[in-house]
Amino acid sequence: VSTGIANYYVSTSAELQSALTEAQSNGLDDVVHIAQGTYVGNFVYASTEGNSLSILGGYSSDFESITADAANTTLDGNSLGGVITLMASTADADIHVSGLTLQNGNSAKGSGIRIETLGFVQVANNTIKNNISDYGGGVYLSGSNVLITDNIITSNISGLYGGGIYIEGG
């Protein structure tokens, strides 16, 4: 269980992946603040620790303010894999994702966003679009306690199950 919070302020794709890599094993609850802009990549977080992760988009370039509009902060998978994959293996590992557009992913599970955790998951205030997958074109969630609110999930394709969302378990 965490003894504190680590805050990351990112404004490039490399900084975003670096923050996720450090967060997965630093022993702290983590908050990743993302400046408005477009980030191309296939971002991955895989943790065995019981710590929480929040990924929040929409920050101004100086991180002094936030605009709650997913259109301002885009993570783009460039059709080369899933846009963002977040995996945590303990019940204490809560995950919260908000204020992002997740687009152009192409993978087997959850091409826009794939979350697998035993903890609480909240996906709120995002736009998830133009992703292709076999399970959960836009969203793939595996967990027992999931809250999905105020998202726009559109124009995603699944070859098998859940064009927009596929939830396993729960």
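Residues numbered from 1 in each chain as written. Predicted model: local features only at pLDDT ≥ 70, side-chain atom pairs only at ≥ 80, totals over all residues. Heavy atoms only, no water.

**Concerning the overall build of the protein chain**
This is how the line gets drawn: Runs of E in the DSSP output that reach at least two residues are strands. Runs of H or I that reach at least four are helices, and both are numbered from the N terminus. Throughout, the radius of gyration refers to the C-alpha atoms, and the reference size of a globule is 2.2 Å times the residue count to the power 0.38. The cut-offs for exposure are 20% and 50% of the maximum accessible area for each residue type, with area from a 1.4 Å probe on protein chains only; residues under the lower value are buried, those over the upper are exposed, and the others partly exposed. The contact criterion used is simple: two residues touch if any of their non-hydrogen atoms lie within 4.5 Å. Shrake-Rupley sampling with a 1.4 Å probe provides the accessible areas, and residues are treated as covered by the protein chains on show and by no other component.
Across its full length, the protein chain carries one helix and 19 strands. Rg of the C-alpha trace for the protein chain: 14 Å, near the compact-globule value of 15 Å for 170 residues, within the 12% margin. Dimensions of the protein chain along its principal axes, counting C-alpha atoms only, are 40 × 35 × 25 Å. Relative to its 170 residues, the protein chain shows a buried fraction of 46%. If you take every contact in the protein chain between residues at least 6 apart in sequence, the share linking residues at least 24 apart comes to 76%. Carbon together with sulfur atoms contributes 49% to the accessible area of the protein chain, which is approximately 7,200 Å² in total.

**With respect to the pattern of salt bridges**
This is how it is decided: Definition used for salt bridges: Asp or Glu carboxyl oxygen within 4 Å of a side-chain nitrogen of Lys or Arg.
Taken as a whole and judged by the stated rule, the model has one salt bridge. In this structure, the salt-bridge partner of R114 is E116, at a minimum N-O distance of 2.6 Å.

**What to know about the sheet that holds strand 10 (residues 106–109)**
The strands making up a sheet associate through hydrogen bonds between their backbones, and the pairing can be parallel or antiparallel. Inclusion rule: Any two strands between which DSSP finds at least two bridges are classified as paired. Axis lines are fitted to C-alpha atoms, over the contacting stretch for helices. Their N-to-C directions set the angle, which ranges from 0 to 180 degrees.
If you trace the three strands from one edge of the open sheet to the other, you get 10-14-18, paired in parallel fashion. At either margin of the open sheet sits one strand with a lone partner, and together these are strand 10 and strand 18 (157–161). Averaged over neighbouring strand pairs, the angle between their axes works out to 10° when direction is ignored. Inspection of the sheet shows strand 14 (residues 132–135) paired to strand 18 by three bridges, in the parallel sense. When the sheet's bridge partners are listed, S133 is paired in strand 18 with S158.

**Some details on the sheet that holds strand 3 (residues 37–40)**
Pairing is parallel in the open sheet, where five strands are placed in the order 3-6-9-13-17. Strands at the two margins of the open sheet, each flanked by one partner only, are strand 3 and strand 17 (152–154). Within the sheet, the average angular offset between the axes of one strand and its neighbour, ignoring direction, is 15°. Sheet topology note: the strand 3/strand 6 (residues 73–76) ladder contains four bridges and is parallel. Of the residues in strand 6, the one forming a bridge with Y39 is L75.

**As for the pairing of strand 2 (residues 29–35)**
Within a regular strand, the side chains alternate between the two sheet faces. Quick reminder of the rule: Think of it like this: strands point away, you trace from the first strand over the helix to the second, and a clockwise trace means the crossover is right-handed.
Burial of strand 2 is extensive: six of the seven residues sit out of reach of the surface. As defined by bridge partners, strand 1 (residues 5–10) adjoins strand 2 across six bridges and the pair is classed as parallel. When the sheet's bridge partners are listed, Y9 is paired in strand 2 with H33. One crossover worth recording links strand 1 to the parallel strand 2 by way of helix 1 (residues 13–23), and it is right-handed. In this sheet, strand 5 (residues 53–59) lies alongside strand 2 in parallel orientation, the contact comprising five bridges. Bridge pairing in strand 5 links H33 to L56.

**Considerations on the environment of D92**
Turning to its location among the elements, D92 is positioned in the loop between strand 7 (84–88) and strand 8 (95–98). Taking the C-alpha atoms as reference, D92 lies 9.1 Å from T117; in sequence the two are 25 residues apart.

**Description of helix 1**
Heads up, the rule is: Note that the arc is computed from the directions linking the helix axis to the C-beta atoms.
The set of residues buried in helix 1 consists of L16, A19, L20 and A23. Down the axis of helix 1, the sector holding all buried residues measures 95°, keeping them to one side.

**With respect to the environment of G77**
As for its placement among the helices and strands, G77 is situated in the loop between strand 6 and strand 7. Residue G77 is classed as buried on the basis of its relative accessible area of 0%. A sequence separation of 35 residues divides G77 from N42, and the C-alpha atoms of the two residues are 5.4 Å apart. Here G77 is in contact with G41, N42, V83, Q103, N104 and G105, once residues within four sequence places are set aside.

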